[in-house]
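Chain residues, written in single-letter form:
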Amino acid sequence: MGANCKYRSLQGECCQEPDLGSGYCFWHDSKLDKSKIDIVGRLEAHVRSGKLSKGLKLQRCNLKGINLVKQNSKTGFDLSESDLYRANLREAHLFNLNLKHGSLMKADLSGANLHCANLERTNLLGIRLNKARTDNLEIGDKLMQEITAEHKLRAEDKDAAMDNFEQSEEIYRVLRKCSEDQGLFQAAGYWGYKELLMRRNQLSKWSSAWVFSKTVDMLCGYGEKPENIVIFSLSLVFSCAFLYFIFGVHYEGNTLQFNPSNGVIKNLANFAMMLYYSVVTFTTLGYGDITPIGITRLIAAIEAFIGSFTLALFVVVFVKRMTR
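Residues numbered from 1 in each chain as written. Predicted model: local features only at pLDDT ≥ 70, side-chain atom pairs only at ≥ 80, totals over all residues. Heavy atoms only, no water.

Visitor: Is there a simple way to explain the overall build of the protein chain in this structure?
Guide: Helix and strand counts for the protein chain come out as eight helices and three strands. The C-alpha radius of gyration of the protein chain comes to 29 Å, more than 25% above the 20 Å expected for a compact globule of 324 residues. When the backbone C-alpha atoms are referred to their principal axes, the protein chain occupies close to 100 × 40 × 35 Å. In the protein chain, which comprises 324 residues, the share counted as buried stands at 44%. Of all intrachain contacts in the protein chain linking residues separated by at least 6 positions in sequence, the fraction that spans at least 24 positions is 44%. Summed over all atoms, the accessible surface of the protein chain reaches about 17500 Å², with 56% contributed by carbon and sulfur. Here the protein chain contributes 40 positive and 34 negative side-chain charges, whose respective centroids are spaced 2 Å apart. (Helix = DSSP H or I, 4+ residues; strand = E, 2+ residues; numbered from the N terminus. Rg over C-alpha atoms; globule rule 2.2 N^0.38 Å. Buried < 20%, exposed > 50% of the residue type's maximum accessible area, 1.4 Å probe, protein only. Contact = heavy atoms within 4.5 Å. Areas by Shrake-Rupley, 256 points an atom, 1.4 Å probe, with all protein chains shown as cover. Lys, Arg positive; Asp, Glu negative; His and termini not counted. Charge placed at Lys NZ, Arg CZ, Asp CG, Glu CD.)

Okay, here's the thing in structure tokens:
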């Protein structure tokens, strides 16, 4: 008997297909040009046969309309590590397909069904997703290029890191636009957030543009995290209340502030008054029953300015999320 293909998956699985003379079988030979061969039916049969379908070399193959859906199964077919560079996958049925650690670089997936497909650590650069179905698409916490960029930064290879961050931004932009076209606005919001995050990573750290972008991210997650505004608002209210408590405010002819001789109960009551005053100042209600003195005037002015801006920002972000 002839030798078997020498392909071995990342998990150590060996291909049992016969070696064609190059050391690899038909499916794992990267040098064999399959672009002009009609292999749709042949590939479907190979995958459904239960034979090893990981690491397939399908660069530039015409796989238009291929059906790789595993019927009556919670898990799809496993084509992880497969190379589908520039493959024609228009209108392909890829529901629940596992393509982890593979490549779809510059592949055409227009009109394809990628519902629940696993593309974790898959190269998605240049992918075409016009009218493709991408709901519940799994790509992991980070793109392949994103991980590479972080490794390059640690290796102090800034040029390579910036290039990979730029590629990541491009991929997230494509995913965002595709989700928007389908009306998947929650997914579009997430991809949009990641897109802006990749753009910030390309900026010089601590530059004015980087600081502004970081501030917007922390404050509202680029418009996708209204809960950040709530956390910031509460933090500001308590921080200012503490400062009022230390430096004092004027109330009914007396100065309210921390005084060790007042005892715990009295100091807690005074701090509660400071919280009340801080909320009134933050929301710019300004009842006038408590007035700042000394440095607390500056603190109150800053809190009122930030408060008016923060409340307006919350309304904008909240309405944006709720009207999707």
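Moving on from the model shown.
Visitor: Which parts of the structure should I look at to understand the packing of aromatic side chains?
Guide: Inspection of every chain in the model, using the stated rule, returns nine aromatic pairs. Note on Tyr172 and Trp191: the rings are 6.1 Å apart at their centroids and 25° apart in plane angle, and the pair reads as stacked. Of the two residues, Tyr172 is situated in helix 3 (residues 158-182) and Trp191 in helix 4 (residues 185-201); the sequence distance between them amounts to 19 residues. With a centroid separation of 5.6 Å and 65° between ring planes, the pair formed by Phe245 and Phe258 is classed as edge-to-face. Of this pair, Phe245 sits in helix 6 (residues 226-247) while Phe258 is found in the loop between strand 2 (254-256) and helix 7 (263-282), placing the two residues 13 residues apart along the sequence. Residue classification places Phe245 among the buried residues on the basis of a relative accessible area of 9%. The rings of Tyr172, Tyr190 and Trp191 are connected pair by pair, giving a single aromatic cluster. A cation over a ring is seen here: Lys34 above Phe26, with NZ or CZ 5.5 Å from the ring centre. (Phe/Tyr/Trp six-rings, centres within 6.5 Å; stacked < 30°, edge-to-face > 60°. Lys NZ or Arg CZ within 6 Å of the ring centre and 35° of its normal.)

Visitor: Whenever I open this one, the layout of surface pockets confuses me. Can you help?
Guide: One simple way to see leftover space: roll a probe sized like a water molecule over the atoms. Taken as a whole, the largest pocket spans an internal volume of roughly 280 Å³. Along its surface, the largest pocket is lined by 16 residues, and Leu153, Phe165, Asn201, Lys205 and Trp210 are the ones closest to its centre. It is helix 4 that contributes the most residues to the lining of the largest pocket, four residues altogether. A breakdown of the residues in the lining of the largest pocket according to their chemical character gives seven nonpolar, three polar and six charged. (1 Å grid on protein atoms, 1.4 Å probe; cavity = no way out; pocket = protein on both sides within 12 Å on 5 of 7 lines; lining within 4 Å. Points joined across faces, edges and corners; volume = space filled by probe spheres on them. Nonpolar A, V, L, I, M, F, W, Y, C, P; charged D, E, K, R; others polar.)

Visitor: For this particular structure, what's the right way to read the sheet that holds strand 3 (residues 290-292)?
Guide: One key point about sheets: their strands pair by backbone hydrogen bonds, in either a parallel or an antiparallel sense. Read from one edge to the other, the open sheet built from three strands follows the order 2-1-3, with strand pairing classed as antiparallel. This sheet does not close on itself; its edge strands, each paired only once, are strand 2 and strand 3. Taking each pair of neighbouring strands and ignoring which way they run, the sheet shows an average axis angle of 35°. Pairing geometry for strand 1 (residues 249-251) and strand 2, over three bridges, is antiparallel. Within the sheet, the bridge partner assigned to Tyr251 lies in strand 2 and is Asn254. Across the sheet, helix 7 lies against strand 1, strand 2 and strand 3, angled at about 80° from strand 3, the strand it touches most. (Pairing = 2+ DSSP bridges. Axes fitted to C-alpha atoms, helices over the stretch in contact; angles between N-to-C directions.)

Visitor: Could you clarify how one ought to interpret empty space enclosed by the protein in this entry?
Guide: Counting across every chain of the model gives one cavity of 30 Å³ or more. Taken as a whole, the largest cavity holds about 40 Å³ of empty space. Lining the largest cavity are Leu43, Leu58, Leu63, Ile66, Leu68, Leu79, Leu84, Leu89, Leu94, Leu97 and Leu99. Residue composition of the lining of the largest cavity, grouped by class: 11 nonpolar, no polar and no charged.

Visitor: Can you walk me through a negative patch on the surface in this structure?
Guide: The grouping of Asp157, Asp159, Asp163, Glu166 and Glu170 at the surface amounts to a negative patch. Here Asp163 is to be found in helix 3. (Patch = residues over 30% accessible without salt bridge, like charges linked within 9 Å, V, L, I, M, F, W, Y side chains within 5 Å. Salt bridge = Lys/Arg side-chain N within 4 Å of Asp/Glu carboxyl O.)

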